Structure formats: structure tokens, C-alpha cells
Amino acid sequence: MKAAAREERSSDTSGKTEPEKRGRKASKEVRQQQLIEATIDSLAKRGYAETTMADVADGAGLSRGIVNFHFESKEKLLIATLQYMYDEYSAHWRAALQKAGDDPARQLQVLVWADFDRSICNKRKLAAWLAFWGEAKSRPVYQALSSSRDAYYQQVFIDLCATLKESGGYAYEPQVMALALSAMLEGLWLRLMMGTEDTTRETALQAANAFLAAAFPKHYG
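As the structure is a computational prediction, the values presented were derived from the model and not from experiment.

Phi angles above zero are rare outside glycine, and E72 is one such case at about 70°. If you trace the backbone, E72 turns up in the loop between α3 (64-71) and α4 (74-99).

Here it is, written out as C-alpha cells:
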């Protein structure tokens, strides 16, 4: 009788195990996302050095023990935050590129526009990027995280510049032009990060469009 009862209880529990695991997994993901968003907020408000685990916990409305449970240290939390920001940025430009169709001129233009979309280009996230960029030189893990992603993104620009050169008969070297284009976009982001008075998302996008028209006159009137 007791053995049968144990088997019955075991059978009942096994039916609940998978949903319970999924529930715990979802809760973990939600908590980690809350903490990452709070980290971005703290980086934007306080900068890299002044951001603490306590600040993040308070910003997320969670206990400090929860922060330690999910990320163990400030360094791990910051790495996860940088990883999230890169993933978000990558998903954003890839989605824009996919919607652009097969025209390489349109693809390049959409990639440029995507850099100034409000969901990506806003004061909060720009300030967080600036905080990470300021630490990148002294933290190899940040450099390793960004290098492969930046290399692939840059290759997309090189390939598009090569295609436009062939169709437009331009004299530039695709790799050099892609580098100039990337430097221009990064420079506009930097001006936005620094809060330069004459630079807004709108004027930055106008400047980027002017660069396209000057560099590729046969494709952008």
C-alpha cells in the first residue's frame, strides 16, 4: 500500500516537473532582464566607476541578494549588460537589412538610418555605450566581445561599398570607403553622447544622408 502510494505521488509529481521548470526559467530570465535594464539606467546616470550592485538592485526594485544570485559580481553583471546591448544592436540592424530588399543602395541607406532609430539611439543607451567604450581599452574581455561582431558588421559595409562601386563606376577602394562610413557614424554617435548642442538625432541623420549623397552621387540624389 505504501509503495503504491509512493508510486502514485511520484507519478503526479512527474507530470508537474516540466511546467515548473519552465516557470522557474521564465522567472530567471525576467529577473536578469530587470537587472540588465537597471544597469543600463545606472551607467547612464552615474557612469561606469560609480555604478554598484546596490544601485542596480535599488533601480530594479529587487533585493541585493537577488543581484548576487543571478550575476555573482559587478563584472559579470556588466559583461551580461554589454552582451545584451550588442545583441540588441545586432538584431536591430539585421532586421532593418532584411526588410530593405535586394537593392544594395537601399540596403546601405537603411543600415545608416537604423543607427539613428530612437529604440537604439537615445540618451540612455548612448550614455551606457559611452561608459563601456571608456573602459574597453583596459578590459580585454570587452574587446573580445565586440571585435567579432564589429568585424562582421564592417564586412557588410565593405561588401555593399564594393557592389556600389561596380555599379556606379566609382574610384574609391571599398574597404577605405566602408571605414570612412563607419567612422562618420561613430563620430555622430559620439557627438550625440557628448550632448553637443547642435547635434540631435535628426541633424545627425541629415549629416549621414549628406555623406551618402556625396560619397555615392549616382545612387543617392
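Summed over all chains, the structure comprises eight salt bridges. Here R124 makes a salt bridge to D41, at a shortest N to O gap of 2.4 Å. Taken as a pair, R124 in helix α6 (residues 123-136) and D41 in helix α1 (residues 2-46) lie far apart in primary sequence, 83 residues in all. Among the ionic pairs, R46 bridges to D55, the shortest N-O distance being 3.6 Å. On the basis of relative accessibility, which here comes to 19%, the residue D55 falls in the buried class.

What follows concerns the nonpolar core. In this structure, L35, L108, F116, W129, F157, W189 and F216 are the most contacted members of the largest nonpolar core, which totals 57 residues. The element best represented in this core is helix α8 (residues 174-194), accounting for nine residues. Leaving out residues up to four positions away in the same chain, W129 has contacts with L82, M85, Y86, Y89, W189 and M193.

Turning our eyes to something else, we now look at the packing of α8 against helix α9 (residues 201-215). It is at 10 Å that the axes of α8 and α9 come closest, and there the two elements cross at 165°. Considering the angle they form, α8 stands roughly antiparallel to α9. The interaxial crossing formed by α8 with α9 has right-handed handedness. Contacts between α8 and α9 pair M177, A180, L181, M184, L185, L188 and L192 from the former with R201, A204, A207, A208, F211, L212 and A215 from the latter. Across the contact of α8 with α9, the residue classes tally to 13 nonpolar, no polar and one charged.

Before going further, it helps to examine the packing of aromatic side chains. A full pass over the atoms with the stated rule returns eleven aromatic pairs. With a centroid separation of 6.3 Å and 75° between ring planes, the pair formed by Y48 and F132 is classed as edge-to-face. Pair noted here: Y48 is in the loop between α1 and α2 (53-60) and F132 is in helix α6, with a separation of 84 residues, a long-range link. Like F132, Y48 is buried. Aromatic side chains W93 and Y153 sit 4.9 Å apart centroid to centroid with 45° between the ring planes, which places their arrangement in the tilted category. Of this pair, W93 sits in helix α4 while Y153 sits in helix α7 (residues 140-168), placing them 60 residues apart in sequence. An aromatic cluster is present here, built from Y89, W93, Y152, Y153, F157 and W189 joined pairwise through their rings.

On to the packing of helix α5 (residues 104-114) against α9, then. Relative to each other, α5 and α9 sit at 155°, their axes nearing to 10 Å. If you check the angle between α5 and α9, you find them roughly antiparallel. Considering the relative orientation of α5 and α9, their crossing is right-handed. On the side of α5, the interface is formed by L108, Q109, V112 and W113, while α9 contributes L205, A208, N209 and L212. Residues that form the contact of α5 with α9 fall into these classes: six nonpolar, two polar and no charged.

A word on α3. Turning to α3, its buried residues number three or more, namely V67, H70 and F71. Here the buried residues of α3 occupy an arc of 75° about the axis, which is enough to place them on one side. Downstream of α3 by a residue or two, E72 has a phi angle that is positive, lying close to 70°.

Summary statistics for the chain give a mean pLDDT of 85 and a share of 83% for residues scoring 70 or more. Looking over the chain, one finds the lowest element-wise mean pLDDT in α1, namely 64, and the highest in α5, namely 97.

Right, let's talk about α5 for a bit. Two residues of an α-helix separated by three or four positions point the same way, owing to the 3.6 residues in each turn. Counted residue by residue, α5 has eight buried out of eleven residues, so it is predominantly covered. Taken together, the buried positions of α5 are A105, Q107, L108, Q109, V110, L111, V112 and A114. Where α5 begins, one side-chain oxygen reaches toward the backbone nitrogen of A105, 3.2 Å away; that side chain belongs to D103.

Thresholds, definitions, all that
Within any chain, residue numbers begin from 1 and follow the written order of that chain's sequence. Reporting of local features is limited, given that this is a predicted model, to residues whose pLDDT is at least 70; pairs of side-chain atoms are given and counted only at 80 or more, and all residues count toward the totals for whole chains, interfaces and linings. The basis for every side-chain value is the complete set of non-hydrogen atoms in the structure, without hydrogens or water. Helix and strand assignments follow DSSP, with helices taken as H or I runs no shorter than four residues and strands as E runs no shorter than two, numbered in order from the N terminus. Salt bridges are defined by distance alone: a side-chain nitrogen of Lys or Arg within 4 Å of a carboxyl oxygen of Asp or Glu. Three labels apply to residues, based on accessible area from a 1.4 Å probe with only protein chains included: buried if under 20% of the type maximum, exposed if over 50%, partly exposed otherwise in between. The term nonpolar core refers to a set of buried residues drawn from Ala, Val, Leu, Ile, Met, Phe, Trp, Tyr and Cys, joined through side-chain atoms within 4.5 Å. Contacts between residues were defined by any pair of non-hydrogen atoms, one from each residue, lying within 4.5 Å. With axes taken as lines fitted to C-alpha atoms, and helix axes fitted only over the stretch in contact, angles between N-to-C directions fall between 0 and 180 degrees. Note that the term roughly parallel is reserved for angles under 35 degrees, roughly antiparallel for angles over 145, roughly perpendicular for angles of 65 to 115, and oblique for everything else. Each crossing gets its hand from how the near helix is turned against the far one by less than a right angle, where anticlockwise is left-handed and clockwise is right-handed. The nonpolar class holds Ala, Val, Leu, Ile, Met, Phe, Trp, Tyr, Cys and Pro. Asp, Glu, Lys and Arg form the charged class, and all remaining residues, Gly among them, are polar. Geometry of aromatic contacts follows a simple scheme: Phe, Tyr and Trp rings, the Trp one being its six-membered ring, pair when their centres are within 6.5 Å, and the pair is stacked under 30 degrees between planes, edge-to-face over 60, tilted otherwise. Summarising the geometry, the arc corresponds to the directions from the helix axis toward the C-beta atoms. Scored between 0 and 100, pLDDT is the confidence that the predictor attaches to each residue. Contacts described as polar in this section are N or O atom pairs within 3.5 Å, which, within protein, must combine one atom able to donate a hydrogen with one able to accept it, while residues neighboring in sequence count only if both atoms come from side chains.

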